[in-house]
Amino acid sequence: MSRVHDVARRYDASASLVQNGVSIFAVGDPAGAQLNAAIRRCLFVLGDERSEVWDDVLRAANVLRWRRMTQPQPRQFQVQQSLIDELVRRAQRLRNLVAEGSLLDQIAEAAQAIGETDCPTGDVLLESIDEVGPDQCIVVASNGTARAGLQRWLDQVGSEVVVASQLDKVAPSIDISYVIAPPTFVSTSVVTAPATPEVTFIMPTWFRNRSVPSSSLGAHAEGPIVVHSTVHQIGDIAEPSSAEVDDEAITDFYFPEPAWGTRTSGDREPNSEEVEARKILLAGGQGLWLDDGERIRSLDPRQPEGARVAYEAVPDVVPGTYLVLREGESERGVMYDRAIAALGTAAPGIVATQAHWKGLLQARLKRLGYRRAMADLEELGVRSSGQVRAWAGPLLICPQRDADFGLLLEWLGAPSQPTHGNAISLRRAVYRASADLRKELEAAVGRADLVALERDGILHLDLPSEGIRGMIVARVLAKAPFTEIVGRHQVRVPFKDRSAEWLD
């Protein structure tokens with residue numbers, strides 16, 4: 001189908017939704033309602049100033065609640081029992097340390113009830129698919145993890161599961177989208193630029209916000225563009241008596257999020273052995289310090305074989321991005337060593353000129369500070385002056401733009417030649433080493449189970465070459481809202497981090 005036909009189909013589907021609205025199946029879920037009520041009662045009683053000792057229990061309970069809402073497959077297709085067992089264990093351990101022990105009992109009992117019952121939302125989805133036929137509908141999951149779990153279950157009925165970003169590939173024969181999440185938790189394009197003439201949200205009754213997103217352009221149109229909704233309540237919709245908590249009295253974030261805390265580095269500038277880096281949480285219970293370098297190797301499982309491994313600009317690394325990393329060491333170090341070996345007898349001279357100008361830069365940064373150095377370079381016309389700290393590191397070869405590098409050398413009082421030529425030679429050698437690694441990674445990814453990657457968020461790659469074993473692909477789960485000052489050797493090296501525990 002051409003792009004023009006796809007756009008026309010989207011317009012037709014939008015017109016249908018504006019005329020007929022969307023449906024919301026609000027399904028009674030007593031066990032889910034019990035857990036939701038326990039969490040909200042806990043938040044209400046403890047208030048915003050609660051002790052940090054509660055964080056582990058509440059974070060795990062919130063993840064369990066989120067999965068109940070977005071992954072309603074039967075228990076035999078679930079992988080949450082370990083989460084339930086750990087949540088109960090943490091609640092019992094905390095029981096004798098706090099005064100509000102009854103709140104912990106409520107959460108633990110609700111978690112155990114979740115593990116003993118199938119979510120009724122799943123039954124409604126299955127009945128809906130059977131009613132219209134699996135060839136006439138598409139199931140839309142909240143994220144890749146949910147998609148993988150739902151697909152494993154729905155393969156038995158022949159129904160396809162996608163995430164919102166994949167809706168542009170939906171066949172024209174599909175009439176209805178079943179979205180397994182409340183409207184507020186999916187991309188607005190599901191409603192504002194629908195891929196099907198009908199859209200139905202399937203969600204538990206205990207989540208009370210049923211508002212439907214509207215287009216940001218609607219306010220500027222001649223007439224208001226409003227997609228109304230029709231709510232159909234299904235099953236046992238009674239809620240526990242403890243659920244009667246004023247919504248405005250508590251702050252409740254249903255989407256699982258880590259507790260980032262506050263910046264601990266203060267306002268000081270990093271020294272020559274330190275960098276500013278942002279903490280990234282990865283699947284598999286790992287973390288990563290990501291500096292302000294220009295790019296990092298990534299993988300896109302949606303691309304065809306041979307075109308999956310590429311680079312992602314550092315600012316574009318967001319939750320859902322898959323990063324290709326080396327365990328125990330940054331990939332930069334491996335590529336640098338390979339490049340130096342490939343340069344042969346020219347290597348010592350190149351290493352010497354690199355060390356000379358980087359030493360001058362480190363001394364200048366120490367004397368002026370990062371902000372003053374960046375301002376001076378910007379005034380000279382260096383476009384990427386914000387990268388000045390990164391250039392001082394041993395593994396980032398030089399500025400990407402030759403003009404920037406020339407201005408930087410002039411500012412440092414370093415000789416243009418052979419410094420400039422040596423850096424370019426080293427950069428080209430690194431690019432060649434990187435290209436060779438990419439071919440090996442593509443071959444390894446081609447042999448790997450990408451379904452497992454989407455389900456688990458992490459994949460170990462089998463590479464034969466010495467020096468690049470231990471490569472992994474890991475999905476970004478969260479990105480810290482602030483940077484910290486860390487040792488340069490810590491950057492881009494995965495490490496175990498409990499903050500990533502249980503995040504989807």
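Residues numbered from 1 in each chain as written. Predicted model: local features only at pLDDT ≥ 70, side-chain atom pairs only at ≥ 80, totals over all residues. Heavy atoms only, no water.

Student: What should I look at first to understand the nonpolar core in this one?
Tutor: Across soluble globular proteins, you tend to see nonpolar side chains buried next to one another. One finds Trp357, Leu361, Trp391, Leu408, Leu426 and Leu461 to be the most contacted residues of the largest nonpolar core, which totals 48 residues. Among residues more than four places away in sequence, those in contact with leucine 361 are Val388, Trp391, Ala392, Leu408, Trp411 and Leu412. By size, the runner-up hydrophobic cluster in this structure holds 30 residues, among which are Ile39, Val63, Ile107 and Ala111. (Core = buried A, V, L, I, M, F, W, Y, C linked by side-chain atoms within 4.5 Å. Buried < 20%, exposed > 50% of the residue type's maximum accessible area, 1.4 Å probe, protein only. Contact = heavy atoms within 4.5 Å.)

Student: Looking at this structure, how should I read the layout of surface pockets?
Tutor: By volume, the largest pocket amounts to about 1,000 Å³. Those elements that provide at least two residues to the lining of the largest pocket are helix 7 (144-154), strand 9 (295-299), strand 10 (309-313), helix 15 (450-456) and strand 13 (471-487). Grouping the amino acids of the lining of the largest pocket by side-chain chemistry returns 22 nonpolar, 10 polar and 10 charged. Approximately 740 Å³ is the volume attributed to the second largest pocket. Lining the second largest pocket are 23 residues, and of these Arg50, Asp55, Arg59, Glu257 and Ala259 sit closest to its centre. Mapped by element, the contributors of at least two residues to the lining of the second largest pocket are helix 2 (30-46) and helix 3 (55-70). Of the residues forming the lining of the second largest pocket, the biggest block, six residues, is contributed by helix 3. Split into classes, the residues belonging to the lining of the second largest pocket amount to nine nonpolar, four polar and 10 charged. (1 Å grid on protein atoms, 1.4 Å probe; cavity = no way out; pocket = protein on both sides within 12 Å on 5 of 7 lines; lining within 4 Å. Points joined across faces, edges and corners; volume = space filled by probe spheres on them. Helix = DSSP H or I, 4+ residues; strand = E, 2+ residues; numbered from the N terminus. Nonpolar A, V, L, I, M, F, W, Y, C, P; charged D, E, K, R; others polar.)

Student: Looking at this model, I keep getting lost on the sheet that holds strand 5 (residues 198-204). Mind explaining?
Tutor: Through backbone hydrogen bonds, the strands of a sheet pair up, either in parallel or in antiparallel fashion. Here we have six strands laid out as an open sheet, ordered 3-2-4-5-1-6, and parallel in their pairing. Edge positions in the sheet fall to strand 3 (161-163) and strand 6 (229-234), since each has one partner strand and no second. The mean angle between the axes of side-by-side strands here comes to 25°, regardless of whether they run parallel or antiparallel. Direction of pairing for strand 1 (residues 22-27) relative to strand 6: parallel, over a ladder of six bridges. (Pairing = 2+ DSSP bridges. Axes fitted to C-alpha atoms, helices over the stretch in contact; angles between N-to-C directions.)

Student: Looking at this structure, how should I read the pairing of strand 5?
Tutor: Among the seven residues of strand 5, six are classified as buried, and the element is accordingly described as predominantly covered. Inspection of the sheet shows strand 1 paired to strand 5 by five bridges, in the parallel sense. Looking at strand 5, one finds that valine 27 is bridged to proline 204. Across four bridges, the pairing between strand 4 (residues 176-179) and strand 5 is parallel. Within strand 5, the position partnered with tyrosine 178 by the bridge is threonine 200.

Student: Is there a simple way to explain the packing of aromatic side chains in this structure?
Tutor: Evaluated as defined, the whole model comprises six aromatic pairs. Ring geometry for tryptophan 66 and phenylalanine 255: centres 4.9 Å apart, planes at 75°, overall edge-to-face. Here the residue tryptophan 66 occupies a position in helix 3, and phenylalanine 255 occupies one in the loop between strand 6 and strand 7 (274-282), the gap between them amounting to 189 residues. Joined through ring pairs, the aromatic side chains of Trp66, Phe185, Phe207, Tyr254 and Phe255 make up one cluster. Over the aromatic face of tryptophan 411 sits the side chain of arginine 364, whose NZ or CZ is 4.5 Å from the ring centroid. The side chain of arginine 389 reaches across the aromatic face of tyrosine 370, ending 3.6 Å from its centre. (Phe/Tyr/Trp six-rings, centres within 6.5 Å; stacked < 30°, edge-to-face > 60°. Lys NZ or Arg CZ within 6 Å of the ring centre and 35° of its normal.)

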